[in-house]
Amino acid sequence: MNPQTTSNGLRPAGAPPDDTVCSLLRMAVGTEAMAVPIDDVREILEVGRLTALPRTPEFVRGVMNLRGAVVPVIDLAARLGQPAITIGRRSCVVVVEAGHPADDEADAEASLSDADTEAEGQGSLVVGLLVDAVFEVFDTPAGAMEAVPQLGTPIDATFLRGMARTRGEVI
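Residues numbered from 1 in each chain as written. Predicted model: local features only at pLDDT ≥ 70, side-chain atom pairs only at ≥ 80, totals over all residues. Heavy atoms only, no water.

(A) Representation of the overall build of the protein chain within the structure. Along its length, the protein chain carries three helices and ten strands. Burial status across the protein chain gives 35% buried among its 171 residues. Considering only contacts within the protein chain whose residues lie at least 6 apart along the sequence, 62% involve residues at least 24 apart. Accessible area for the protein chain stands at about 10,500 Å²; split by element, carbon and sulfur atoms hold 52% of it. (Helix = DSSP H or I, 4+ residues; strand = E, 2+ residues; numbered from the N terminus. Buried < 20%, exposed > 50% of the residue type's maximum accessible area, 1.4 Å probe, protein only. Contact = heavy atoms within 4.5 Å. Areas by Shrake-Rupley, 256 points an atom, 1.4 Å probe, with all protein chains shown as cover.)

Below, the structure is given as structure tokens:
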């Protein structure tokens, strides 16, 4: 059975066809190698001035000004249960545009103001991910993406979309 199909043989909603290629940005997050789809990446920036926000979770490092837009910056390692990132010379902020967490499009539209919808794209959220380093963009066949096991990963499986292998490493 294809790792992207469910027990009834159907593909999960939103799963790409087997013959497509996924381009992923490989990066270091704490002790883990991770990747995000390059289509979700808006830009990669040096770590600049972050303004701390009161009463936010530990993993929210603050907000940054990105050409007049306020973008929250998440310490990805801390969010995934690892020690917070110590900013070094290779640390950077990967600005990504992610789908809105609302269950359906009507809820997503209702939760965003008209200005947010125009600035960020309908139903999306722009956020900066603080990472230890960015390495490369690599391609992997969509059919080679594996489902995330419920046990055996140091990161909660709800944070992971899938697993890929490159250069002998699971990402």
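(B) Layout of the side chain of Glu43. If you trace the backbone, Glu43 turns up in strand 3 (residues 41–46). Polar contacts involving the side chain of Glu43 include one to the side chain of Arg67, which spans 2.5 Å. With near-sequence residues (within four places) excluded, Glu43 lies in contact with Leu66, Arg67, Val93, Val94 and Val95. (Polar contact = N/O pair within 3.5 Å; in protein donor to acceptor, adjacent residues only side chain to side chain.)

(C) Structural view of unusual backbone geometry. Positioned with a positive phi, Arg55 is a non-glycine residue whose angle comes to about 55°. If you trace the backbone, Arg55 turns up in the loop between strand 3 and strand 4 (60–66). Judged by relative accessible area, which is 86%, Arg55 ranks as exposed. If you check the backbone angles, Arg67 has positive phi at about 50° while not being a glycine. Position of Arg67 among the secondary structure elements: in the loop between strand 4 and strand 5 (69–75).

(D) A look at the environment of Thr56. Turning to its location among the elements, Thr56 is positioned in the loop between strand 3 and strand 4. Exposure remark for Thr56: the relative accessible area of 30% places this residue in the partly exposed category. Engagement of the side chain of Thr56 in a polar contact is seen with the backbone oxygen of Leu53, the distance being 3.1 Å.

(E) Inspection of the sheet that holds strand 8 (residues 133–141) at higher detail. Judged by pairing direction, the sheet is antiparallel, and its three strands sit side by side in the order 2-1-8 without closing on themselves. Strands at the two margins of the open sheet, each flanked by one partner only, are strand 2 (32–37) and strand 8. Neighbour to neighbour, the strand axes of the sheet diverge by 35° on average, direction disregarded. (Pairing = 2+ DSSP bridges. Axes fitted to C-alpha atoms, helices over the stretch in contact; angles between N-to-C directions.)

(F) How the structure looks around the nonpolar core. Met27, Val29, Leu76, Val94, Leu129 and Val131 are the most contacted members of the largest nonpolar core, which totals 27 residues. Elements that contribute at least two residues to this core include exactly strand 1 (21–29), strand 2, strand 4, strand 5, helix 1 (76–79), strand 6 (92–99) and strand 7 (124–131). Filtering out sequence-adjacent residues up to four positions away, Leu76 remains in contact with Met27, Val29, Leu129, Leu130 and Val131. (Core = buried A, V, L, I, M, F, W, Y, C linked by side-chain atoms within 4.5 Å.)

(G) Quick peek at the sheet that holds strand 5. On the basis of which strands lie adjacent, the open sheet formed by five strands has the order 3-6-7-5-4 and mixed pairing. Of all the strands in the sheet, the pair left with one neighbour each is strand 3 and strand 4. Adjacent strand axes in the sheet meet at a mean angle of 30° when their direction is disregarded.

(H) Just the side chain of Glu136, in detail. Following the sequence through the fold, Glu136 ends up in strand 8. Judged by relative accessible area, which is 18%, Glu136 ranks as buried. Ignoring sequence-local partners within four residues, the contact set of Glu136 consists of Leu24, Leu25, Arg26 and Arg167.

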